[in-house]
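Close look at the chain arrangement
Here's the letter readout for the chains.
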Amino acid sequence: MTQLVPSLIVTDRTVLRRRRELAVPGKALVAAGDNVSVDTVVVRGEIPGEIVTVSPSESLGVPFDARLRAAYLVREGDTVTKGQVLVRQKHLWGLVQATVESPIDGSISFITHDQGRIGVQYPARAVERRAYLGGKVVGIEQGGAVELECVASFVQGVFGVGGERSGTIIPLSLAVDAPIEPAAIPSNCEGAILCGGSSPTIDALRTAAKRGVQGMVCGSVSAEVLQAFSGSDIGVAVTGDEPVPFSLIITEGFGCVPMAERTHRVLQHRAGSVASISGATQVRAGAMRPEIIIPWPAAEQGGLNKVDEAPRAELRVGSEVRLIRYPYFGLLGIVRELPEQPIPLETGAHVRAAKVELKAIAPGGASSLVAGLLVVVPRANIELV
Amino acid sequence: MSSSHQLPRRILVTDCGSTTTKALLFEQRADGAWYTRSRGEAPTTVEAPIADVTVGALNAFREIEELSGVQLIRSGSSESATSFADLFLPRDKARPDVGLDLYLSTSSAGGGLQMLVAGLAREYSANSAARAALGAGAIVMDVICAEDPRTSIEWIDRLRHLKPDIVLLTGGTDGGAIAFPIEVAEMLLQARPRPRFGQTIRVPVIYAGNAAISQEITELLSPIADVSVTANVRASLDEEQIAQARDAVHELFLSHVMSHAPGYGKLMGWASQPIMPTPAAAGDMVRSYALAKKVSILCADIGGATTDVFSVFPDAEGEPVFNRTVSANLGMSYSIGNVLKEAGIARIERWLESSVRAASTSQELDHRIRNKMIRPTSIPQTLEDLKVEQAVCREALRLSLVHHRQLAVSATKRQRRTFADIFGSKERDEQQLVNLAALDMVVGSGGVLSHAPDRVDAAMMMIDGFGLCGITELFVDSVFMMPHLGVLAGVEPQAAAALFEQECLVAIGCHLRPVRVAKGVSHGQPLAEVRFNGTSVGEICFGSLVMIGEKLANQRGDIEVIPRGRQADFGAGFGQARARRRVQLGQVGLFLDGRALSFHGVEAIPR
């Protein structure tokens, strides 16, 4: 009997598709079959301008009636300039005039029938959507949505901050369990996506920002450092819009946890490649995890026969797993047994569990834990690596 | 006359949740008492690829049939059945285990009823609009008010992203401000929000603001929305009327939202009564039970992402007032990071025993909680880790009660708002509607409370989290059937109340603590004698908490608290005795709690 468990995808080669669209209707600027790079603008649209409301009745201190309505000089759809007279009402046989002017340059969006309010709208603003990943256009939808595809190395993190960016993969010269200090940040790393290490200090992040990196992928981060980096304490795992100098992704969790060897190997293997990174995370309601996408060169895009299998989300004896809950948080191991019957925990709960042989111990791990030790863990606290 | 009229009644009720559809079959025994004959459940099928909620409901019905041996459904009918009579077999005196009298349902599938509300001032119309929505069982996705710093462009983008089921637009007293509701209407016009279900349908907008511009608002929005106009929720600053807006929300929920959600048109045809939003039904159960038993009640359902709080308290005129709030940012998994953020690690740590605090630094505990946020389906494996979650639960309950008190007002009486009210000056508990000194019973629901391995832990989370005082009976909801009972209460209120008491609620104990203690009282000083059914059972001493169980467990009787001297007030005044009749002592017995309400710590509790 198989059991599906959570897993974060880490693979050297897979087919990825991404849909690119705007919040407003737009127009696709590419065609099916086109090759695009990360910076190619694929969709363009317009956001309507804000509306400023003018109330001639209130401004002139008169009721809105047929006489006032007849004094309107503009209609819906007219373009107006700032200061242009919208309403001119004449009194005393034309000797006295009262006017209402447009407060802005724009166009007349509406004139209400009931009170005669005039909505003057700012000009529309152009908005664009870039490709974000280098690949091929495989679909265009009405309304301007574009579907892109590529064969890429793909790494999902567990949590991140910062939006979409791109850069060149540069592995840090660090062991997976080494903390990331300022000295580890290469002097020449502008435009890079730095990868490796366990947990950065705030000074390391500031150094990286000063040197112009676009992203960093590491094992973990402390809450304090993250708050100093992002400027606020994050209470719910819904991110992507933070005003951060570069996108930061952690692959293991909060604390001081080494990056998994497998993740490190995949990123090391692609050193020098152009990658896309997004720290956007949404744990609930349509889960979204942060990601690094490293497309293979055009010559290696290939067909399905070149695609490795992504790790299947099935827990089996022999599966390599990550333990995701205290007291074994961050430890890696191999599943040795999957008992059928639920076991009692010291909390009183009866759960289905797995017996896991520990592979490595995190820095600061309890002295009673040794590599090779067999521990019993609820299946809910296991993640496939 | 139907041949079923002499047969014990049989009613099937479902709750179509976001992930699971739970069915309960209620039946009358020969003596007229009601019980739950069977339970069934199946995955909810409102999302793609099935996209028909009736498929999941039928699966749940079939499980009921298999487990109970009762035949409910006409064979071969389910595909085409559009009414109760088409789907269900009628009762038959000759075959008692065949047929059904009524089918009822609640729903929170697809995330439940999701609303956007707008009001001019956060403390007035926006507040009233939010409560009208909450009272109808909605989740308030966002609130627009004039004080919001976001620009119109940001709001338009957000409106497109949110996809609310209903928009409630308020603002301006009658004859007062007009600009704000018009500006919001203009933003809606630009955003053209689409509903979640039924892509060709226009989003319904309820306008409950300044009556002077209701026609203008209707006109403005007519190209993109179906507008209903109801009474202004704040016709004047002093007066609030949310009942009409709340009823309009409920009506639109049925006619507009539910009828367009996948399969709900058919489900509504099967149901004998209108389908209710799950939180509204749970709230109705709390309200009807409180009214039937003439008790004040506080009920909290603490989930992974949100905490629902329901309460019924008497107002200044003694009329029971129901309030519901949803703290959408307080929960035990997805929102646990927010509890940490709002409470701070120090407030969470104070609830941990010294041995737990010694084993981990504050930073390690902080990280442990945040790692639960990003891996919300993980479970505590060790007792120590469970204690950390229970400490977080205390803070989530505390914060959700603060939120509840801020919003809970008497909806039918004039509410004079002074500067002190607006700027949040502290007022004595008994001046607030939610007055814990007058609370009769508290009910906890949600996994961390209902499934706590030791009932004492559940009791302590509620006692500490809410800061209970006075004389309060403690219960947990063992199986979360409140939504089912809430919709059942609409047709069989006595049955619902009886089932609530007998099958849903598990009595834990009775908690006694002074509401106020005079200054200068020393630690260990006796504050009051406690008598049960006339016999002295113990003392409440300042600074200590003692549980008295064993002989008292599961008994029901009269409690008397007789203060020693004038050092303590148990709700009747300093030095005044207080009594309550027919108190349920539950599995644990009595909690004699002399700890100050500002208590900051916990150690092993002597029994």
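**Quick word on the overall build of chain A**
The helix and strand tally for chain A stands at five helices and 29 strands. Since a compact globule built from 385 residues should have a radius of gyration of about 21 Å, the 29 Å found for chain A marks it as more spread out than a globular shape. Across its three principal directions, the C-alpha atoms of chain A cover 100 × 55 × 50 Å. When burial is assessed residue by residue, chain A has 50% of its 385 residues classed as buried. Within chain A, contacts between residues separated by at least 24 positions form 64% of all contacts whose residues are at least 6 apart in sequence. Working note: accessible area of chain A is about 17,500 Å², and carbon and sulfur atoms make up 50% of it.

**Remarks on the state of the cysteines**
Each disulfide consists of one covalent bond between the sulfur atoms belonging to two cysteines. Residue and element names in this part refer to chain A. Enumeration over the complete set of coordinates arrives at zero disulfides over all chains. This cysteine, Cys-150, is not joined by any disulfide, and Cys-195 carries the nearest cysteine sulfur, 17 Å off. Cys-256 takes part in no disulfide bond, and the closest cysteine sulfur to it belongs to Cys-218, at a distance of 10 Å.

**Re the sheet that holds strand β8 (residues 203-207) of chain B**
Residue and element names in this part refer to chain B. Spatially, five strands are ordered β6-β5-β7-β8-β9 in an open sheet, and the strand pairing comes out parallel. Two strands in the sheet have a free side with no partner beyond their single neighbour: β6 (139-144) and β9 (225-229). Averaged over all pairs of adjacent strands, the angle between their axes in this sheet comes to 20 degrees, without regard to strand direction. Alignment of strand β5 (residues 114-118) against strand β7 (residues 166-169), held across four bridges, turns out to be parallel. Bridging across to β7, Ala-118 finds its partner in Leu-169. Against the sheet, helix α6 (residues 214-221) touches β7, β8 and β9, its axis set at about 165 degrees to β9.

**Some details on the environment of His-367 of chain B**
Within the secondary structure layout, His-367 of chain B lies in helix α13 (residues 362-374). Spatially, the C-alpha atoms of His-367 of chain B and Gly-337 of chain B are 9.7 Å apart, while their sequence positions differ by 30 residues. If we ignore the near neighbours within four places in the chain, the residues touching His-367 of chain B are Val-221, Ser-222, Ala-223, Phe-254 and Gly-255 of chain A.

**Looking at α6 of chain B**
All buried positions along α6 of chain B are accounted for by Ser-214, Glu-216, Ile-217, Leu-220 and Leu-221 of chain B. Looking straight down α6 of chain B, one finds its buried side chains confined to an arc of 160 degrees; they lie on one side. Each element contacted by the buried residues of α6 of chain B is listed here: β10 (106-111) of chain A together with β7, α5 (179-191), β8 and β9 of chain B.

**A look at the interface of chain B and chain A**
Counting residues at the interface gives 42 residues for chain B, matched by 57 residues for chain A. In total, about 4,200 Å² of surface goes out of reach between chain B and chain A, with carbon and sulfur atoms giving 55% of it. In this structure, the connection of chain B to chain A is made through five salt bridges. In this structure, Asp-233 of chain A and Arg-370 of chain B form a salt bridge, with 3.0 Å as the shortest nitrogen-oxygen distance. If you look at where chain B meets chain A, you find 18 residue pairs in polar contact (both at pLDDT 80 or more).

**Structural notes on the environment of Tyr-289 of chain B**
All names here are of chain B. Inspection of the secondary structure puts Tyr-289 in helix α9 (residues 278-293). Once the C-alpha coordinates of Tyr-289 and Arg-91 are considered, the two residues, 198 residues apart in sequence, prove to be 29 Å apart. Not counting residues within four places of it along the chain, the set of residues in contact with Tyr-289 comprises Lys-294, Ile-297, Met-441, Ala-497, Phe-500 and Glu-501.

**Considering the nonpolar core**
As a rule of thumb, nonpolar side chains are buried together in soluble globular proteins. Among the nonpolar cores identified, the biggest contains 86 residues, and Phe-159, Leu-194, Met-216 and Leu-248 of chain A together with Phe-466 and Phe-591 of chain B are the most heavily contacted of them. Excluding its chain neighbours within four sequence positions, the residues that come into contact with Leu-194 of chain A are Ile-170, Leu-172, Ile-185, Pro-186, Cys-189, Ala-208, Val-213, Gly-215, Met-216 and Val-217 of chain A. The next biggest cluster of nonpolar side chains, apart from the first, holds 51 residues, and it includes Leu-12, Val-70, Leu-252 and Tyr-264 of chain B.

**Here we look at the pattern of salt bridges**
Under the definition given, this model contains 49 salt bridges over all chains. Across the pair Glu-128 of chain A and Arg-44 of chain A runs a salt bridge, and its minimum N-O distance is 2.7 Å. Linking Glu-128 of chain A in strand β12 (residues 125-130) with Arg-44 of chain A in strand β5 (residues 41-47), this pair joins segments that are 84 residues apart in sequence. Of the residues examined, Glu-128 of chain A reaches a relative accessible area of 37% and is grouped as partly exposed. Judged by relative accessible area, Arg-44 of chain A falls into the partly exposed class, the value being 38%. A salt bridge links Arg-595 of chain B to Asp-464 of chain B; its shortest N-O distance comes to 2.9 Å.

**Section: the packing of aromatic side chains**
Residue and element names in this part refer to chain B. Under the counting rule described, the total for this entry stands at 10 aromatic pairs over all chains. On the basis of an interplanar angle of 80 degrees and a centroid distance of 5.2 Å, the ring pair of Phe-61 and Tyr-103 is categorised as edge-to-face. You can see Phe-61 sitting in helix α1 (residues 53-68) and its partner Tyr-103 sitting in strand β4 (residues 102-107), a full 42 residues away along the chain. Each member of the pair Phe-61 and Tyr-103 is classed as buried.

**Focus on helix α4 (residues 223-230) of chain A**
Along α4 of chain A, the residues classified as buried are Ala-223, Val-225, Leu-226, Phe-229 and Ser-230 of chain A. Buried residues of α4 of chain A, viewed axially, fall in a sector of 160 degrees; they line one side. Considering only its buried residues, α4 of chain A is in contact with β15 (159-161), α3 (202-210), β18 (215-221) and β19 (247-254) of chain A together with α13 of chain B. With its phi angle positive at about 90 degrees, Gly-231 of chain A sits one or two positions after the end of α4 of chain A.

**Structural notes on the confidence of the model for chain A**
Confidence along chain A averages 88 in pLDDT terms, with 92% of residues attaining 70 or more. The element-level mean pLDDT for chain A is lowest in strand β1 (residues 3-4) of chain A, coming to 56, with strand β17 (residues 192-195) of chain A highest at 98.

**Some words on the confidence of the model for chain B**
All names here are of chain B. Mean pLDDT over chain B works out to 86, with 91% of the residues at or above the 70 mark. Mean pLDDT values over the elements of chain B span from 44, in helix α15 (residues 419-422), up to 96, in strand β18 (residues 526-532). Low pLDDT, under 50, characterises residues 600-607; the predicted model gives this stretch 18 contacts beyond four residues in sequence or across chains. Here the prediction assigns the complex a pTM of 0.83, and the interface score ipTM is 0.86.

**Overview of the side chain of Ser-247 of chain A**
Residue and element names in this part refer to chain A. Mapped onto the fold, Ser-247 is located in strand β19. Assessed through its relative accessible area of 0%, Ser-247 is described here as buried. Side chain to side chain, Ser-247 and Arg-165 meet in a polar contact 3.0 Å long. If we ignore the near neighbours within four places in the chain, the residues touching Ser-247 are Val-161, Gly-162, Gly-163, Arg-165, Gln-214, Gly-215, Met-216, Ile-277 and Gly-279.

**Some remarks on the pairing of strand β19 (residues 535-541) of chain B**
Residue and element names in this part refer to chain B. Bridge analysis of β18 against β19 gives six bridges, and the strand direction is antiparallel. Within the sheet, the bridge partner assigned to Ala-528 lies in β19 and is Ile-540. Taken together, β18 and the strand that follows it, β19, pair antiparallel across an intervening segment of two residues, in which Asn-533 is found at a positive phi of about 50 degrees.

**Notes on the sheet that holds β19 of chain B**
Residues and elements named next belong to chain B. Strand order across the open sheet formed by four strands is β19-β18-β21-β23, with antiparallel pairing between neighbours. The open sheet has two edge strands with one neighbour each: β19 and β23 (578-584). Averaged over neighbouring strand pairs, the angle between their axes works out to 25 degrees when direction is ignored. With five bridges joining them, β18 and strand β21 (residues 556-563) adopt antiparallel strand pairing. Bridge pairing links Ala-528 to Pro-563 in β21.

**Digging into the packing of helix α14 (residues 383-407) of chain B against helix α17 (residues 455-466) of chain B**
To characterise two packed helices, one gives the angle between the axes of the helices and the distance between these axes. Residue and element names in this part refer to chain B. Where α14 meets α17, the axes come as close as 7 Å, and the angle between the chain directions of the two elements is 40 degrees. The angle between the axes of α14 and α17 places the two elements in the oblique class. Handedness of the crossing formed by α14 with α17: right-handed. The residues of α17 that touch α14, namely those facing Lys-387, Gln-390, Cys-393, Arg-394, Leu-397, Arg-398 and Leu-401, are Asp-457, Met-460, Met-461, Met-462, Asp-464, Gly-465 and Phe-466. Split into classes, the residues belonging to the contact of α14 with α17 amount to seven nonpolar, two polar and five charged.

**Description of the packing of α9 of chain B against helix α19 (residues 493-504) of chain B**
Residues and elements named next belong to chain B. Where α9 contacts α19, the axes come no closer than 10 Å and their chain directions differ by 95 degrees. When the interaxial angle is binned, α9 and α19 end up roughly perpendicular. Contacts from Met-285, Tyr-289 and Lys-293 in α9 reach Ala-496, Ala-497, Phe-500 and Glu-501 in α19. A class-by-class count of the residues in the contact of α9 with α19 yields five nonpolar, no polar and two charged.

Conventions adopted
- Residues numbered from 1 in each chain as written.
- Chains lettered and ligands numbered in written order.
- Predicted model: local features only at pLDDT ≥ 70, side-chain atom pairs only at ≥ 80, totals over all residues.
- Heavy atoms only, no water.
- Helix = DSSP H or I, 4+ residues; strand = E, 2+ residues; numbered from the N terminus.
- Rg over C-alpha atoms; globule rule 2.2 N^0.38 Å.
- Buried < 20%, exposed > 50% of the residue type's maximum accessible area, 1.4 Å probe, protein only.
- Contact = heavy atoms within 4.5 Å.
- Areas by Shrake-Rupley, 256 points an atom, 1.4 Å probe, with all protein chains shown as cover.
- Disulfide = S-S within 2.5 Å.
- Pairing = 2+ DSSP bridges.
- Axes fitted to C-alpha atoms, helices over the stretch in contact; angles between N-to-C directions.
- Arc of directions from axis to C-beta.
- Buried area = accessible area lost by both parts, 1.4 Å probe.
- Salt bridge = Lys/Arg side-chain N within 4 Å of Asp/Glu carboxyl O.
- Polar contact = N/O pair within 3.5 Å; in protein donor to acceptor, adjacent residues only side chain to side chain.
- Core = buried A, V, L, I, M, F, W, Y, C linked by side-chain atoms within 4.5 Å.
- Phe/Tyr/Trp six-rings, centres within 6.5 Å; stacked < 30°, edge-to-face > 60°.
- pLDDT = per-residue confidence, 0-100.
- Parallel < 35°, antiparallel > 145°, perpendicular 65-115°, else oblique.
- Left-handed = near helix turned anticlockwise from the far one by under 90°.
- Nonpolar A, V, L, I, M, F, W, Y, C, P; charged D, E, K, R; others polar.

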